[in-house]
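# Close look at the chain arrangement
The chain contents come next:
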Amino acid sequence: MESIGVNLQNAETAYQDKGIFNGLFPEIISDDTIINKYTEIIRPLEPVTTDSLIHNIHVLKKPTNTWTAISQCEINCGFRFQKQVIDDDGQITWIPVKKEDNAVPCSNMIQSFWEEIDIRLNQTRVTNHAHNAQLTSIIDKLTTSHYYESTIGQLAGVFDDTENPDIYSIDNDGFKLRQNMWCDNELVNLTGPLYSTISNNSYPIPSDIEISIAMTRNKNEVLIVQNDNTKNDTFRIELIYLEICVPRIIIKAEIQHHIENILKKKPIELLYNRFELRSFLINSGTISWDSDSLFQGYDIVS
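Everything in this summary refers to the structure shown in the same document. (Residues numbered from 1 in each chain as written. Predicted model: local features only at pLDDT ≥ 70, side-chain atom pairs only at ≥ 80, totals over all residues. Heavy atoms only, no water.)

We now examine the packing of aromatic side chains. The tally for this structure, following the rule as stated, stands at five aromatic pairs. Seen in terms of ring centroids, phenylalanine 81 and phenylalanine 235 are 5.8 Å apart; in terms of plane orientation they differ by 35 degrees. Their pairing is tilted. On the criterion of sequence distance, the pair formed by phenylalanine 81 in strand S4 (residues 74–86) and phenylalanine 235 in strand S12 (residues 235–251) is long-range, its members being 154 residues apart. Residue classification places phenylalanine 81 among the buried residues on the basis of a relative accessible area of 1%. On the basis of relative accessible area, phenylalanine 235 is assigned to the buried category, the value being 10%. Where phenylalanine 113 meets tryptophan 114, the ring centres are 4.9 Å apart and the plane angle is 90 degrees; that geometry is what we call edge-to-face. Each of the two residues, phenylalanine 113 as well as tryptophan 114, counts as buried. In this structure an aromatic cluster arises from ring pairing among Phe79, Phe81, Phe113, Trp114, Trp182 and Phe235. (Phe/Tyr/Trp six-rings, centres within 6.5 Å; stacked < 30°, edge-to-face > 60°. Helix = DSSP H or I, 4+ residues; strand = E, 2+ residues; numbered from the N terminus. Buried < 20%, exposed > 50% of the residue type's maximum accessible area, 1.4 Å probe, protein only.)

Here it is as C-alpha cells:
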C-alpha cells in the first residue's frame, strides 16, 4: 500500500486519545499507559569525517517496558558550506562561500542532504531501497514546507525557491533567504524530523527489537546550485556532526505484562505503510511504462 504523508505528532500527543497500544491490542483501552517519556541522543558508530558517505546508527535495547517511537525521531546536523580555492602552487583550500559567489544549497537541507535512509528492525529492512537524489524538490513540497510553521521550518533550512534557481532573479526570495543562512557562515546548525518511507507510522517499537539506521549522504552536485554562468566554481557541503534524537516511552509494568500474556497466545502484525516518490520525464509522443516496485524484491517485516 502506498501512503504519502508524515506523522509530526510528538510522543505525548500522538497516543493520548485511545491509549498507546489500543490499535495493536484492542483488549487494552487504558488512556494512562505511559508513566514516563524521555529523548535519547544517539550518534553514529563511526566518527563523522569529510569523506564519510554512510553513517550507521544503532538504537540500543532498553528495559522490557520501554518502547521506542522510531517514527517520531528527529535529527540534528551541523554543516559547512565551502568553496574550493587553488593557489598558484596548486594547493587546495576550502573557504566559506560568500554571497557574491551566487551559490546556495537547496531548500530543506536537513532532509535533502540524505540520498537514502535505511531502517532495519532485527536486521530486516522496513524502508524501501529508493534513492532520493533527484527528488529533493518533490520532497520539499510534500513534507516540511507544508506541515511546519515558518519558524520551525527555518530550523530545517526550508526556504523554497520562488523562481527558477538556475537563473538569477531578484524575485527569488527562497534563494536570498538561503544565502543569508549559508553564506559567510562557518557552521549552520539544522534540526528536523527523521523522514523516511515509513515516517507516517504511529506505533512504537518494542524494546527487544534491535533498530539500526544507515544514512547515506547526497552528492554535492545534487545539493548545490550556482546561478552565475560566468563562474565555474567547485563547492561542497561538509557534515560536521550528526545526532539522532530518539523518543523513549516507558509504560506501566502491568500493561507490559498484559501485552506479554497476549503475545504468548497469538502473534501480532505491526504494519508498515511506506510511500515511494518517483520523478521522470515523458517526451511528447513517446509511450512510457511504469510499474510499482514498492514491494518487489524487498524484505517485508510483519
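Moving on from the coordinates now.
This part covers the side chain of serine 212. Relative to the elements of secondary structure, serine 212 occurs in strand S10 (residues 211–217). The buried category is assigned to serine 212, whose relative accessible area is 18%. Not counting the four nearest positions on each side in its chain, serine 212 is found in contact with Ile57, Asp118, Ile119, Arg120 and Gln123. (Contact = heavy atoms within 4.5 Å.)

This part covers the pattern of salt bridges. Enumeration according to the criterion identifies eleven salt bridges in this entry. Of the charged contacts, one joins aspartate 161 and arginine 178 as a salt bridge, the two residues approaching to 3.1 Å between their closest N and O atoms. Taken together, the positions of aspartate 161 in the loop between helix H5 (150–155) and helix H6 (173–182) and arginine 178 in helix H6 put the pair 17 residues apart, joining distant regions of the chain. Salt-bridge contacts for aspartate 228 lead to lysine 231; the nearest nitrogen and oxygen are separated by 4.0 Å. Linked through salt bridges whose partners overlap, the residues forming this network are Glu40, Lys62 and Arg248. (Salt bridge = Lys/Arg side-chain N within 4 Å of Asp/Glu carboxyl O.)

Right, let's talk about the pairing of S12 for a bit. Across a regular strand the side chains alternate sides, sitting on one face of the sheet and then on the other. Of all the 17 residues making up S12, 15 are buried; the element is thus mostly covered by neighbouring parts of the structure. Judged from the eight bridges that link them, strand S1 (residues 34–42) and S12 form a sheet pairing that is antiparallel. Following the sheet pairing, asparagine 36 is matched in S12 by isoleucine 250. Direction of pairing for strand S3 (residues 66–68) relative to S12: antiparallel, over a ladder of three bridges. Residue pairing across strands places tryptophan 67 opposite isoleucine 249, the latter belonging to S12. Pairing geometry for S4 and S12, over ten bridges, is antiparallel. Looking at S12, one finds that cysteine 77 is bridged to leucine 242. (Pairing = 2+ DSSP bridges.)

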